[in-house]
Amino acid sequence: MLPDPVLVLAQGGDGFVRDPSEGATSCVAENDTVCIGWAFDNFDRWVTPTLEHLLLVSVSVAAGFLIAFGLALLSHGRRWLVPTFVGVTGVLYTIPSIALFLILLPITGRGTVTAIIALTLYNLQIIYRNIVTGLANVPEASRDAGRGMGMTERQLLWRVELPLAVPEIIAGLRIATVSTVAIATLAIFAGAGGLGEVIYTQGLQNDVFKTAIVVGSGIAIAMAVAFDAFYLTGQRVISPWRTVRPV
Amino acid sequence: MTLPAADVIDSFSGAVEFIFEPRDAIGVRGQVGGLEQVWELMWTQIWISALALAVAVAIAVPVGLYFGHRGAGELLAVAIGNAGRAVPELALIALMVAFVGIGVLNVTIALVILGIPPILTNAFVGVRQVDRGAVEAARGMGMTELEVIRSVELPLAVPTIMSGVRTGAINIVATATIAPLAGVETLGDFIINNANYGDDGLLAGAILVALLALAFEVALAGLQRLLTPRGLALEREAARSTA
(Lines give C-alpha, C1' and ligand atoms only; values in the text may rest on other atoms or scores of the structure.)
Protein backbone atom coordinates (compact mmCIF):
# COMPACT_ATOMS: atom_id res chain seq x y z
CA MET A 1 0.00 0.00 0.00
CA LEU A 2 1.37 3.36 -0.98
CA PRO A 3 1.47 6.11 1.59
CA ASP A 4 -0.51 9.25 1.03
CA PRO A 5 1.76 11.31 -1.27
CA VAL A 6 0.78 14.65 0.26
CA LEU A 7 1.77 13.40 3.65
CA VAL A 8 5.12 12.13 2.43
CA LEU A 9 5.94 15.45 0.80
CA ALA A 10 4.97 17.31 3.90
CA GLN A 11 7.18 15.35 6.21
CA GLY A 12 10.54 16.65 7.26
CA GLY A 13 13.73 14.65 7.58
CA ASP A 14 12.97 12.68 10.69
CA GLY A 15 9.28 12.53 10.56
CA PHE A 16 6.50 14.80 11.23
CA VAL A 17 6.33 18.48 11.60
CA ARG A 18 4.87 19.95 8.44
CA ASP A 19 2.26 17.23 8.49
CA PRO A 20 -1.07 18.77 7.45
CA SER A 21 -3.08 15.91 8.90
CA GLU A 22 -1.94 17.03 12.33
CA GLY A 23 -3.53 20.40 11.88
CA ALA A 24 -0.56 22.34 10.53
CA THR A 25 -1.49 25.98 10.18
CA SER A 26 -0.06 28.45 7.72
CA CYS A 27 2.19 29.58 10.54
CA VAL A 28 3.86 26.17 10.55
CA ALA A 29 3.97 25.96 6.77
CA GLU A 30 5.62 29.37 6.57
CA ASN A 31 7.88 28.63 9.54
CA ASP A 32 7.11 31.84 11.41
CA THR A 33 9.11 32.82 14.49
CA VAL A 34 7.02 30.81 16.89
CA CYS A 35 3.61 29.23 16.29
CA ILE A 36 2.16 29.54 19.77
CA GLY A 37 -1.22 28.04 18.94
CA TRP A 38 0.38 25.08 17.24
CA ALA A 39 2.80 24.63 20.12
CA PHE A 40 -0.13 24.38 22.53
CA ASP A 41 -2.14 22.11 20.24
CA ASN A 42 0.87 19.81 20.02
CA PHE A 43 1.65 19.92 23.72
CA ASP A 44 2.31 16.15 23.71
CA ARG A 45 5.43 16.60 21.59
CA TRP A 46 7.22 18.44 24.39
CA VAL A 47 6.18 16.28 27.34
CA THR A 48 8.36 13.21 26.81
CA PRO A 49 11.57 15.12 25.98
CA THR A 50 11.03 17.34 29.02
CA LEU A 51 10.58 14.35 31.32
CA GLU A 52 13.61 12.63 29.78
CA HIS A 53 15.59 15.80 30.39
CA LEU A 54 14.48 15.98 34.02
CA LEU A 55 15.52 12.35 34.46
CA LEU A 56 18.96 12.94 32.93
CA VAL A 57 19.55 15.97 35.13
CA SER A 58 18.26 14.59 38.42
CA VAL A 59 19.96 11.21 38.17
CA SER A 60 23.31 12.63 37.09
CA VAL A 61 23.33 15.37 39.73
CA ALA A 62 22.34 12.86 42.43
CA ALA A 63 25.03 10.41 41.30
CA GLY A 64 27.57 13.24 41.00
CA PHE A 65 26.73 14.36 44.51
CA LEU A 66 27.11 10.87 45.99
CA ILE A 67 30.49 10.32 44.34
CA ALA A 68 31.77 13.83 45.11
CA PHE A 69 30.60 13.48 48.70
CA GLY A 70 32.45 10.18 49.00
CA LEU A 71 35.59 11.77 47.56
CA ALA A 72 35.26 14.70 49.97
CA LEU A 73 34.97 12.37 52.97
CA LEU A 74 37.96 10.43 51.68
CA SER A 75 40.11 13.54 51.31
CA HIS A 76 38.92 15.01 54.62
CA GLY A 77 41.85 14.80 57.00
CA ARG A 78 44.02 13.58 54.12
CA ARG A 79 44.66 16.93 52.55
CA TRP A 80 47.28 15.61 50.15
CA LEU A 81 44.44 13.88 48.29
CA VAL A 82 42.64 17.15 47.52
CA PRO A 83 44.89 18.33 44.64
CA THR A 84 44.70 14.85 43.10
CA PHE A 85 40.90 14.78 43.20
CA VAL A 86 40.64 18.38 41.97
CA GLY A 87 43.01 17.51 39.13
CA VAL A 88 41.22 14.36 38.01
CA THR A 89 37.72 15.86 38.22
CA GLY A 90 39.10 18.97 36.51
CA VAL A 91 40.20 16.95 33.48
CA LEU A 92 36.71 15.40 33.30
CA TYR A 93 35.16 18.87 33.54
CA THR A 94 37.39 20.20 30.76
CA ILE A 95 36.45 17.55 28.20
CA PRO A 96 33.45 18.88 26.25
CA SER A 97 30.45 16.78 27.15
CA ILE A 98 29.63 16.00 23.53
CA ALA A 99 33.10 14.41 23.24
CA LEU A 100 32.67 12.54 26.51
CA PHE A 101 29.31 11.14 25.32
CA LEU A 102 30.86 9.80 22.14
CA ILE A 103 34.04 8.46 23.75
CA LEU A 104 31.81 6.44 26.09
CA LEU A 105 29.66 5.10 23.23
CA PRO A 106 31.91 2.13 22.32
CA ILE A 107 32.13 1.21 26.01
CA THR A 108 28.61 1.71 27.31
CA GLY A 109 26.58 1.85 24.10
CA ARG A 110 24.06 4.41 22.89
CA GLY A 111 21.41 5.70 25.23
CA THR A 112 20.45 7.16 28.54
CA VAL A 113 23.04 5.31 30.64
CA THR A 114 25.93 6.71 28.61
CA ALA A 115 24.53 10.23 28.86
CA ILE A 116 24.05 9.92 32.61
CA ILE A 117 27.61 8.64 33.12
CA ALA A 118 29.06 11.53 31.11
CA LEU A 119 26.91 14.15 32.86
CA THR A 120 27.82 12.66 36.26
CA LEU A 121 31.54 12.82 35.51
CA TYR A 122 31.09 16.40 34.33
CA ASN A 123 29.40 17.34 37.64
CA LEU A 124 32.05 15.97 39.98
CA GLN A 125 34.43 18.91 39.82
CA ILE A 126 31.88 21.58 40.75
CA ILE A 127 30.27 19.64 43.58
CA TYR A 128 33.53 18.28 45.02
CA ARG A 129 35.23 21.68 45.12
CA ASN A 130 32.29 23.26 46.88
CA ILE A 131 32.07 20.54 49.53
CA VAL A 132 35.81 20.85 50.22
CA THR A 133 35.55 24.64 50.42
CA GLY A 134 32.58 24.33 52.77
CA LEU A 135 34.50 22.03 55.10
CA ALA A 136 37.56 24.28 54.95
CA ASN A 137 35.46 27.34 55.84
CA VAL A 138 34.27 25.85 59.13
CA PRO A 139 35.65 28.12 61.88
CA GLU A 140 38.36 26.51 63.98
CA ALA A 141 36.47 27.73 67.07
CA SER A 142 33.48 25.56 66.14
CA ARG A 143 35.73 22.52 65.84
CA ASP A 144 37.32 23.30 69.19
CA ALA A 145 33.89 23.68 70.78
CA GLY A 146 32.95 20.24 69.46
CA ARG A 147 36.19 18.71 70.72
CA GLY A 148 35.61 20.38 74.07
CA MET A 149 32.25 18.63 74.26
CA GLY A 150 34.10 15.35 73.89
CA MET A 151 33.25 14.60 70.26
CA THR A 152 35.30 12.10 68.28
CA GLU A 153 36.63 13.14 64.86
CA ARG A 154 33.73 11.28 63.24
CA GLN A 155 31.12 13.02 65.39
CA LEU A 156 32.84 16.32 64.72
CA LEU A 157 32.53 15.74 60.98
CA TRP A 158 28.86 14.71 60.94
CA ARG A 159 27.52 16.99 63.68
CA VAL A 160 29.61 20.13 63.32
CA GLU A 161 31.59 20.39 60.10
CA LEU A 162 29.11 19.04 57.55
CA PRO A 163 26.09 20.97 58.90
CA LEU A 164 28.14 24.17 58.83
CA ALA A 165 29.24 23.41 55.26
CA VAL A 166 25.66 23.03 54.01
CA PRO A 167 25.45 26.49 52.40
CA GLU A 168 28.53 25.83 50.26
CA ILE A 169 27.35 22.34 49.41
CA ILE A 170 23.98 23.65 48.22
CA ALA A 171 25.73 26.41 46.26
CA GLY A 172 27.76 23.73 44.48
CA LEU A 173 24.68 21.64 43.71
CA ARG A 174 22.95 24.72 42.37
CA ILE A 175 25.72 25.49 39.87
CA ALA A 176 26.07 21.84 38.91
CA THR A 177 22.34 21.41 38.32
CA VAL A 178 21.89 24.56 36.26
CA SER A 179 24.93 23.69 34.11
CA THR A 180 23.69 20.13 33.67
CA VAL A 181 20.28 21.30 32.45
CA ALA A 182 22.09 23.22 29.69
CA ILE A 183 24.65 20.52 28.85
CA ALA A 184 22.08 17.72 28.82
CA THR A 185 20.61 19.16 25.61
CA LEU A 186 23.65 17.58 23.91
CA ALA A 187 22.63 14.13 25.18
CA ILE A 188 20.74 13.77 21.90
CA PHE A 189 24.12 12.99 20.31
CA ALA A 190 24.45 10.02 22.68
CA GLY A 191 21.00 8.83 21.62
CA ALA A 192 19.51 9.74 24.98
CA GLY A 193 16.70 12.08 23.97
CA GLY A 194 15.88 14.99 26.23
CA LEU A 195 15.24 18.55 25.11
CA GLY A 196 18.04 18.26 22.57
CA GLU A 197 15.60 16.10 20.65
CA VAL A 198 13.23 19.06 20.39
CA ILE A 199 15.93 21.59 19.47
CA TYR A 200 17.97 19.34 17.17
CA THR A 201 15.78 16.61 15.70
CA GLN A 202 12.46 18.46 15.63
CA GLY A 203 14.09 21.83 14.97
CA LEU A 204 17.44 22.06 13.19
CA GLN A 205 17.22 18.76 11.33
CA ASN A 206 13.64 19.48 10.34
CA ASP A 207 14.38 22.30 7.91
CA VAL A 208 15.19 24.60 10.83
CA PHE A 209 11.66 24.52 12.25
CA LYS A 210 11.73 27.66 14.38
CA THR A 211 8.85 26.82 16.71
CA ALA A 212 10.57 23.64 17.92
CA ILE A 213 13.87 25.48 18.44
CA VAL A 214 12.20 28.24 20.43
CA VAL A 215 10.04 25.87 22.49
CA GLY A 216 12.92 23.47 23.24
CA SER A 217 15.29 26.29 24.21
CA GLY A 218 12.55 27.95 26.25
CA ILE A 219 11.77 24.81 28.24
CA ALA A 220 15.49 24.21 28.91
CA ILE A 221 16.05 27.75 30.16
CA ALA A 222 12.84 27.68 32.23
CA MET A 223 13.96 24.40 33.78
CA ALA A 224 17.34 25.88 34.69
CA VAL A 225 15.70 28.95 36.22
CA ALA A 226 13.27 26.76 38.17
CA PHE A 227 16.10 24.65 39.61
CA ASP A 228 18.01 27.81 40.45
CA ALA A 229 15.04 29.21 42.37
CA PHE A 230 14.52 25.86 44.08
CA TYR A 231 18.07 25.77 45.42
CA LEU A 232 18.05 29.45 46.39
CA THR A 233 14.90 28.89 48.41
CA GLY A 234 16.33 25.73 49.93
CA GLN A 235 19.51 27.55 50.88
CA ARG A 236 17.53 30.33 52.56
CA VAL A 237 15.32 27.89 54.45
CA ILE A 238 18.16 25.66 55.64
CA SER A 239 20.74 28.32 56.45
CA PRO A 240 19.00 31.71 56.67
CA TRP A 241 21.95 33.25 58.53
CA ARG A 242 24.46 32.96 55.73
CA THR A 243 24.78 33.35 51.99
CA VAL A 244 27.80 32.03 50.13
CA ARG A 245 29.28 32.30 46.70
CA PRO A 246 30.04 29.07 44.87
CA VAL A 247 33.65 28.39 43.88
CA MET B 1 24.56 -3.32 26.50
CA THR B 2 28.24 -3.25 27.41
CA LEU B 3 30.39 -4.45 24.57
CA PRO B 4 33.23 -6.95 24.92
CA ALA B 5 36.68 -5.48 25.51
CA ALA B 6 37.93 -6.59 22.09
CA ASP B 7 35.21 -4.56 20.34
CA VAL B 8 36.04 -1.51 22.44
CA ILE B 9 39.71 -1.78 21.49
CA ASP B 10 38.69 -2.23 17.84
CA SER B 11 36.60 0.94 17.99
CA PHE B 12 39.41 3.01 19.41
CA SER B 13 42.07 1.64 17.07
CA GLY B 14 39.67 2.33 14.18
CA ALA B 15 39.38 5.91 15.38
CA VAL B 16 43.15 6.32 15.64
CA GLU B 17 43.55 4.88 12.15
CA PHE B 18 40.95 7.37 10.88
CA ILE B 19 43.01 10.24 12.29
CA PHE B 20 46.24 9.17 10.60
CA GLU B 21 45.16 7.43 7.38
CA PRO B 22 42.76 8.87 4.77
CA ARG B 23 40.10 6.43 3.62
CA ASP B 24 37.22 6.31 1.13
CA ALA B 25 34.23 8.33 2.21
CA ILE B 26 30.95 6.57 2.86
CA GLY B 27 28.24 7.25 0.30
CA VAL B 28 30.11 9.87 -1.70
CA ARG B 29 33.25 10.06 -3.82
CA GLY B 30 36.45 11.22 -2.26
CA GLN B 31 38.52 10.55 0.81
CA VAL B 32 37.96 11.42 4.44
CA GLY B 33 40.10 11.30 7.55
CA GLY B 34 43.85 11.49 7.64
CA LEU B 35 46.06 14.10 9.18
CA GLU B 36 45.50 16.67 6.45
CA GLN B 37 41.72 16.88 6.95
CA VAL B 38 42.05 16.53 10.72
CA TRP B 39 44.44 19.46 10.83
CA GLU B 40 42.25 21.58 8.56
CA LEU B 41 39.20 21.11 10.79
CA MET B 42 41.22 21.42 13.99
CA TRP B 43 42.84 24.63 12.82
CA THR B 44 39.40 26.17 12.17
CA GLN B 45 38.31 25.18 15.66
CA ILE B 46 41.52 26.57 17.19
CA TRP B 47 41.40 29.99 15.54
CA ILE B 48 37.67 30.52 15.93
CA SER B 49 37.90 29.55 19.63
CA ALA B 50 41.00 31.67 20.25
CA LEU B 51 39.47 34.65 18.45
CA ALA B 52 36.19 34.36 20.37
CA LEU B 53 38.05 33.98 23.67
CA ALA B 54 40.21 37.03 22.94
CA VAL B 55 37.16 39.14 22.09
CA ALA B 56 35.31 37.87 25.19
CA VAL B 57 38.30 38.76 27.39
CA ALA B 58 38.65 42.18 25.74
CA ILE B 59 35.01 42.94 26.53
CA ALA B 60 34.47 41.19 29.86
CA VAL B 61 37.68 41.98 31.75
CA PRO B 62 37.55 45.80 31.48
CA VAL B 63 33.83 45.85 32.26
CA GLY B 64 34.26 43.51 35.23
CA LEU B 65 37.27 45.49 36.50
CA TYR B 66 35.44 48.79 36.18
CA PHE B 67 32.34 47.70 38.05
CA GLY B 68 34.37 45.74 40.60
CA HIS B 69 36.49 48.82 41.25
CA ARG B 70 33.43 51.01 41.63
CA GLY B 71 31.79 48.35 43.79
CA ALA B 72 28.63 48.79 41.74
CA GLY B 73 26.46 46.39 39.80
CA GLU B 74 27.11 43.28 41.89
CA LEU B 75 23.62 41.91 41.27
CA LEU B 76 24.01 42.42 37.55
CA ALA B 77 27.45 40.79 37.41
CA VAL B 78 26.22 37.74 39.29
CA ALA B 79 23.01 37.60 37.24
CA ILE B 80 25.01 37.62 33.98
CA GLY B 81 27.12 34.75 35.27
CA ASN B 82 24.03 32.76 36.23
CA ALA B 83 22.25 33.50 32.96
CA GLY B 84 25.29 32.40 30.98
CA ARG B 85 25.25 29.06 32.72
CA ALA B 86 21.55 28.52 32.08
CA VAL B 87 21.63 29.02 28.30
CA PRO B 88 22.33 25.73 26.51
CA GLU B 89 25.05 25.94 23.83
CA LEU B 90 22.86 23.91 21.51
CA ALA B 91 19.97 26.34 22.02
CA LEU B 92 22.15 29.38 21.33
CA ILE B 93 23.54 27.89 18.12
CA ALA B 94 20.09 26.70 17.01
CA LEU B 95 18.52 30.11 17.69
CA MET B 96 21.39 31.74 15.81
CA VAL B 97 20.80 29.47 12.81
CA ALA B 98 17.03 30.04 12.91
CA PHE B 99 16.95 33.80 13.39
CA VAL B 100 20.32 35.34 12.48
CA GLY B 101 21.92 33.01 10.01
CA ILE B 102 24.87 30.69 9.60
CA GLY B 103 28.51 31.40 8.93
CA VAL B 104 31.79 32.26 10.60
CA LEU B 105 30.78 35.69 11.90
CA ASN B 106 27.56 34.46 13.52
CA VAL B 107 29.27 31.49 15.13
CA THR B 108 32.03 33.74 16.46
CA ILE B 109 29.42 36.05 17.97
CA ALA B 110 27.67 33.08 19.62
CA LEU B 111 31.00 31.88 21.04
CA VAL B 112 31.79 35.35 22.39
CA ILE B 113 28.37 35.49 24.05
CA LEU B 114 29.04 32.15 25.76
CA GLY B 115 32.54 33.17 26.82
CA ILE B 116 31.68 36.51 28.41
CA PRO B 117 29.60 35.54 31.51
CA PRO B 118 32.18 33.55 33.52
CA ILE B 119 34.96 36.03 32.68
CA LEU B 120 32.87 39.07 33.57
CA THR B 121 31.64 37.61 36.85
CA ASN B 122 35.10 36.45 37.87
CA ALA B 123 36.74 39.78 36.97
CA PHE B 124 34.14 41.51 39.12
CA VAL B 125 34.50 39.10 42.04
CA GLY B 126 38.29 39.05 41.72
CA VAL B 127 38.52 42.81 42.12
CA ARG B 128 36.01 42.87 44.97
CA GLN B 129 38.12 40.32 46.84
CA VAL B 130 41.26 42.47 46.71
CA ASP B 131 42.20 43.58 50.21
CA ARG B 132 40.79 47.09 50.72
CA GLY B 133 43.89 47.90 52.77
CA ALA B 134 46.07 47.33 49.69
CA VAL B 135 43.86 49.67 47.65
CA GLU B 136 43.95 52.37 50.34
CA ALA B 137 47.73 52.02 50.58
CA ALA B 138 48.02 52.49 46.82
CA ARG B 139 45.85 55.62 47.00
CA GLY B 140 47.98 56.87 49.89
CA MET B 141 51.04 56.51 47.67
CA GLY B 142 49.38 58.93 45.30
CA MET B 143 48.18 56.52 42.60
CA THR B 144 45.34 57.63 40.39
CA GLU B 145 42.23 55.42 40.21
CA LEU B 146 43.38 54.04 36.87
CA GLU B 147 46.79 53.19 38.33
CA VAL B 148 45.11 51.50 41.28
CA ILE B 149 43.15 49.28 38.90
CA ARG B 150 46.13 48.56 36.66
CA SER B 151 48.90 48.10 39.22
CA VAL B 152 47.09 46.77 42.29
CA GLU B 153 43.64 45.36 41.65
CA LEU B 154 44.29 43.71 38.30
CA PRO B 155 47.45 41.82 39.33
CA LEU B 156 45.91 40.68 42.61
CA ALA B 157 42.76 39.51 40.81
CA VAL B 158 44.68 37.50 38.18
CA PRO B 159 44.04 34.03 39.66
CA THR B 160 40.27 34.64 39.88
CA ILE B 161 40.08 36.29 36.45
CA MET B 162 42.06 33.46 34.87
CA SER B 163 39.79 30.84 36.39
CA GLY B 164 36.92 32.67 34.68
CA VAL B 165 38.87 32.75 31.42
CA ARG B 166 39.46 29.00 31.68
CA THR B 167 35.76 28.33 32.24
CA GLY B 168 34.98 30.63 29.30
CA ALA B 169 37.48 28.74 27.15
CA ILE B 170 35.88 25.42 28.07
CA ASN B 171 32.47 26.78 27.02
CA ILE B 172 33.86 28.20 23.78
CA VAL B 173 35.82 25.11 22.66
CA ALA B 174 32.88 22.86 23.52
CA THR B 175 30.48 25.04 21.56
CA ALA B 176 32.86 25.39 18.61
CA THR B 177 32.45 21.63 18.35
CA ILE B 178 28.80 22.03 17.32
CA ALA B 179 29.65 24.90 14.93
CA PRO B 180 29.08 22.64 11.88
CA LEU B 181 25.37 23.00 12.71
CA ALA B 182 25.84 26.61 11.64
CA GLY B 183 27.97 25.87 8.61
CA VAL B 184 31.43 26.26 10.11
CA GLU B 185 33.53 23.13 9.66
CA THR B 186 35.34 22.36 12.90
CA LEU B 187 36.30 18.98 14.32
CA GLY B 188 32.63 18.60 15.16
CA ASP B 189 32.05 17.93 11.46
CA PHE B 190 33.12 14.33 12.12
CA ILE B 191 30.32 14.20 14.70
CA ILE B 192 27.51 16.38 13.32
CA ASN B 193 27.78 15.51 9.62
CA ASN B 194 28.75 11.98 10.39
CA ALA B 195 27.11 10.22 7.41
CA ASN B 196 30.30 10.27 5.29
CA TYR B 197 32.69 9.50 8.12
CA GLY B 198 31.23 6.47 9.88
CA ASP B 199 31.71 5.31 13.45
CA ASP B 200 35.49 5.63 13.32
CA GLY B 201 35.15 9.26 12.32
CA LEU B 202 32.65 9.89 15.10
CA LEU B 203 34.97 8.53 17.77
CA ALA B 204 38.01 10.18 16.20
CA GLY B 205 36.19 13.54 16.32
CA ALA B 206 35.33 13.05 19.97
CA ILE B 207 38.90 12.13 20.91
CA LEU B 208 40.36 15.08 19.00
CA VAL B 209 37.90 17.51 20.57
CA ALA B 210 38.74 16.21 24.04
CA LEU B 211 42.49 16.59 23.37
CA LEU B 212 42.02 20.09 21.97
CA ALA B 213 40.02 21.18 25.03
CA LEU B 214 42.71 19.80 27.33
CA ALA B 215 45.39 21.59 25.29
CA PHE B 216 43.54 24.90 25.72
CA GLU B 217 43.26 24.26 29.45
CA VAL B 218 46.97 23.47 29.78
CA ALA B 219 47.94 26.54 27.75
CA LEU B 220 45.73 28.81 29.86
CA ALA B 221 47.00 27.27 33.10
CA GLY B 222 50.52 28.09 31.89
CA LEU B 223 49.46 31.63 31.03
CA GLN B 224 47.94 32.01 34.48
CA ARG B 225 51.26 30.98 36.01
CA LEU B 226 53.06 33.61 33.95
CA LEU B 227 50.59 36.36 34.80
CA THR B 228 50.26 35.68 38.53
CA PRO B 229 52.44 38.11 40.48
CA ARG B 230 55.35 36.29 42.11
CA GLY B 231 54.46 37.53 45.58
CA LEU B 232 50.93 36.22 45.27
CA ALA B 233 52.13 32.81 44.10
CA LEU B 234 54.56 32.56 47.02
CA GLU B 235 51.88 33.63 49.47
CA ARG B 236 49.49 30.97 48.19
CA GLU B 237 52.17 28.32 48.32
CA ALA B 238 52.92 29.25 51.93
CA ALA B 239 49.23 29.12 52.82
CA ARG B 240 48.95 25.69 51.25
CA SER B 241 51.92 24.20 53.04
CA THR B 242 50.73 25.38 56.46
CA ALA B 243 47.12 24.29 55.86
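No experiment lies behind these values; they were computed from the predicted model shown. (Residues numbered from 1 in each chain as written. Chains lettered and ligands numbered in written order. Predicted model: local features only at pLDDT ≥ 70, side-chain atom pairs only at ≥ 80, totals over all residues. Heavy atoms only, no water.)

Considering the confidence of the model for chain B
Definition in use: By definition, pLDDT measures how confident the predictor is in each residue, and it falls between 0 and 100.
Of all residues in chain B, 97% attain a pLDDT of 70 or more, and the chain-wide mean is 91. Here the prediction assigns the complex a pTM of 0.89, and the interface score ipTM is 0.88.

Structural notes on the packing of helix α4 (residues 44-75) of chain A against helix α10 (residues 195-204) of chain A
All names here are of chain A. Filter applied, for reference: An axis is simply a line fitted to the C-alpha atoms; with a helix, the fit covers only the stretch in contact. Between two such axes, the angle follows the N-to-C directions and lies from 0 to 180 degrees. Strands here mean DSSP runs of E at least two residues long; helices mean DSSP runs of H or I at least four residues long; both are numbered from the N terminus. In this scheme, roughly parallel covers angles under 35 degrees and roughly antiparallel covers those over 145, while 65 to 115 is roughly perpendicular and the rest are oblique. By definition in these notes, contact holds between two residues if any of their heavy atoms fall within 4.5 Å. Any residue that is not Ala, Val, Leu, Ile, Met, Phe, Trp, Tyr, Cys, Pro, Asp, Glu, Lys or Arg is counted as polar, Gly included; the first ten are nonpolar and the last four charged.
Where α4 meets α10, the axes come as close as 6 Å, and the angle between the chain directions of the two elements is 130°. Viewed along their axes, α4 and α10 adopt a mutual orientation that is oblique. Touching Arg45, Trp46, Pro49, Thr50 and His53 of α4 are Leu195, Glu197, Val198 and Gln202, all from α10. Residue classes in the contact of α4 with α10 are distributed as four nonpolar, three polar and two charged.

Some words on the interface of chain A and chain B
How big an interface is tends to be expressed through the accessible area that disappears when the partners come together. Note the cut-off: Two parts placed together each lose some accessible area; with a 1.4 Å probe, that loss summed over both constitutes the buried area. Definition of a polar contact: a pair of N or O atoms within 3.5 Å, with one able to donate and the other able to accept a hydrogen when the atoms are protein atoms, and with sequence-neighbouring residues admitted only if both atoms are side-chain atoms.
Taken together, the contacts link 40 residues of chain A with 40 residues of chain B. Across the chain A to chain B interface the summed buried area is about 3,500 Å²; carbon plus sulfur atoms make up 79%. On the chain A side of the contact with chain B, Thr94(A), Pro106(A) and Arg245(A) bury the most area, a combined 16% of that side's loss. Joining chain A to chain B, the criterion identifies zero residue pairs in polar contact (both at pLDDT 80 or more).

What to know about the environment of Leu135(A)
Residues and elements named next belong to chain A. Here Leu135 shows up in helix α7 (residues 112-136). A C-alpha to C-alpha distance of 8.3 Å links Leu135 and His76, two positions 59 residues apart in sequence. When residues no more than four places from it in sequence are discounted, the contact partners of Leu135 are His76, Arg143, Leu157, Glu161, Leu162 and Ala165.

Some remarks on the pattern of salt bridges
Pairing between side chains of opposite charge can happen when the charged atoms of each approach one another. Residues and elements named next belong to chain A. Filter applied, for reference: Salt bridge, as applied in this entry: a Lys or Arg side-chain nitrogen positioned within 4 Å of an Asp or Glu carboxyl oxygen. The buried label goes to any residue with under 20% of its type's maximum accessible area, the exposed label to any with over 50%, and the partly exposed label to all in between, with areas taken from a 1.4 Å probe on protein chains only.
Counted by the stated rule, this structure contains 11 salt bridges over all chains. Note that Arg143 and Glu140 form a salt bridge whose closest N and O atoms lie 3.0 Å from each other. A residue pair is termed a helical-turn pair when its members lie 3 or 4 positions apart in one helix, as Arg143 and Glu140 do in helix α8 (residues 140-148) at three residues. For Arg143, a relative accessible area of 11% gives the class buried. Notably, a salt bridge pairs Arg174 with Asp228, separated by 2.7 Å at the nearest N-O pair. You can see Arg174 sitting in helix α9 (residues 153-183) and its partner Asp228 sitting in helix α11 (residues 210-238), a full 54 residues away along the chain. By the burial criterion, Arg174 is buried, and Asp228 matches it. Overlapping salt bridges bring together Glu140, Arg143, Asp144, Arg147, Glu153 and Glu161 as one network.

Considerations on the state of the cysteines
Residues and elements named next belong to chain A. Rules: When two cysteine sulfur atoms are found within 2.5 Å, that pair is recorded as a disulfide.
Within this structure, the stated rule accounts for one disulfide over all chains. Disulfide pairing places Cys27 opposite Cys35 at an S-S distance of 2.1 Å. What sets the handedness of the Cys27 and Cys35 disulfide is the S-S torsion sign, and at about -95° it is left-handed. Residues Cys27 and Cys35 agree in their burial class; the two are buried.

So, the side chain of Thr160(B)
Residue and element names in this part refer to chain B. Along the chain, the position of Thr160 falls in helix α7 (residues 145-177). The class for Thr160 is buried, based on a relative accessible area of 19%. For Thr160, the residues in contact, after removing those within four places along its chain, are Asn122, Gly126 and Gln129.

A short note on helix α6 (residues 97-108) of chain A
Residue and element names in this part refer to chain A. Of all 12 residues that make up α6, 11 are buried, and the element is covered over most of its length. Along α6, the positions that sit buried rather than exposed are Ser97, Ile98, Ala99, Leu100, Phe101, Leu102, Ile103, Leu104, Leu105, Pro106 and Thr108. Of the residues trailing α6, Gly109 is marked for its positive phi of about 80°.

Considering the packing of helix α1 (residues 5-20) of chain B against helix α2 (residues 34-70) of chain B
Residue and element names in this part refer to chain B. Two elements in contact, α1 and α2, have axes separated by 5 Å at closest approach and are oriented at 85°. When the axis of α1 is compared with that of α2, the two are roughly perpendicular. Of α2, the residues touching α1 (which contributes Phe18, Ile19 and Phe20) are Gly34, Leu35 and Val38. For the contact of α1 with α2, the per-class residue count stands at five nonpolar, one polar and no charged.

Concerning the packing of aromatic side chains
Where two aromatic rings form a pair, the distance of their centres and the angle of their planes describe that pair. Put simply, the rule reads: Two rings from Phe, Tyr or Trp (for Trp, the six-membered ring) form a pair when their centres are within 6.5 Å of each other. A pair whose planes differ by under 30 degrees is stacked, one over 60 is edge-to-face, and the rest are tilted.
All told, the structure shown has 13 aromatic pairs over all chains when counted by the stated rule. For the ring pair Phe18(B) and Phe190(B), a centre distance of 5.1 Å and an interplane angle of 90° mean the geometry is edge-to-face. Here Phe18(B), found in helix α1, pairs with Phe190(B), found in helix α8 (residues 189-192); they are 172 residues apart in sequence, far enough to count as distant. Judged by its relative accessible area of 0%, Phe18(B) falls in the buried class. We classify Phe190(B) as buried; its relative accessible area is 0%. Plain terms: the ring middles of Tyr66(B) and Phe67(B) are 5.3 Å apart, the flat faces sit at 80° to each other, and that makes the pair edge-to-face. Joined through ring pairs, the aromatic side chains of Trp38(A), Trp46(A) and Phe209(A) make up one cluster.

Section: a nonpolar patch on the surface
Let me state the cut-off plainly: Distance thresholds for patches are 9 Å for like charges and 5 Å for nonpolar side chains (Val, Leu, Ile, Met, Phe, Trp, Tyr), applied to residues having over 30% relative accessible area and no salt bridge. Here, Shrake-Rupley sampling with a 1.4 Å probe gives the accessible areas, and only protein chains in the shown set may cover a residue.
Side chains of Trp39(B), Trp43(B), Trp47(B), Leu51(B), Val55(B), Ile59(B), Val63(B), Tyr66(B), Phe67(B) and Val104(B) sit close together on the surface and give an oily, nonpolar patch of about 890 Å² of accessible area. Per-element accounting of the nonpolar patch gives the leading share, nine residues, to α2(B).

Digging into unusual backbone geometry
All names here are of chain A. At Asn31, a residue that is not glycine, the phi angle is positive and equals roughly 55°. Residue placement: Asn31 occurs in the loop between α2 (26-29) and α3 (36-41). Accessibility expressed as a relative area gives 14% for Asn31, which makes it buried. One non-glycine residue with positive phi stands out, namely Asp207, at about 55°. Assignment of secondary structure puts Asp207 in the loop between α10 and α11.

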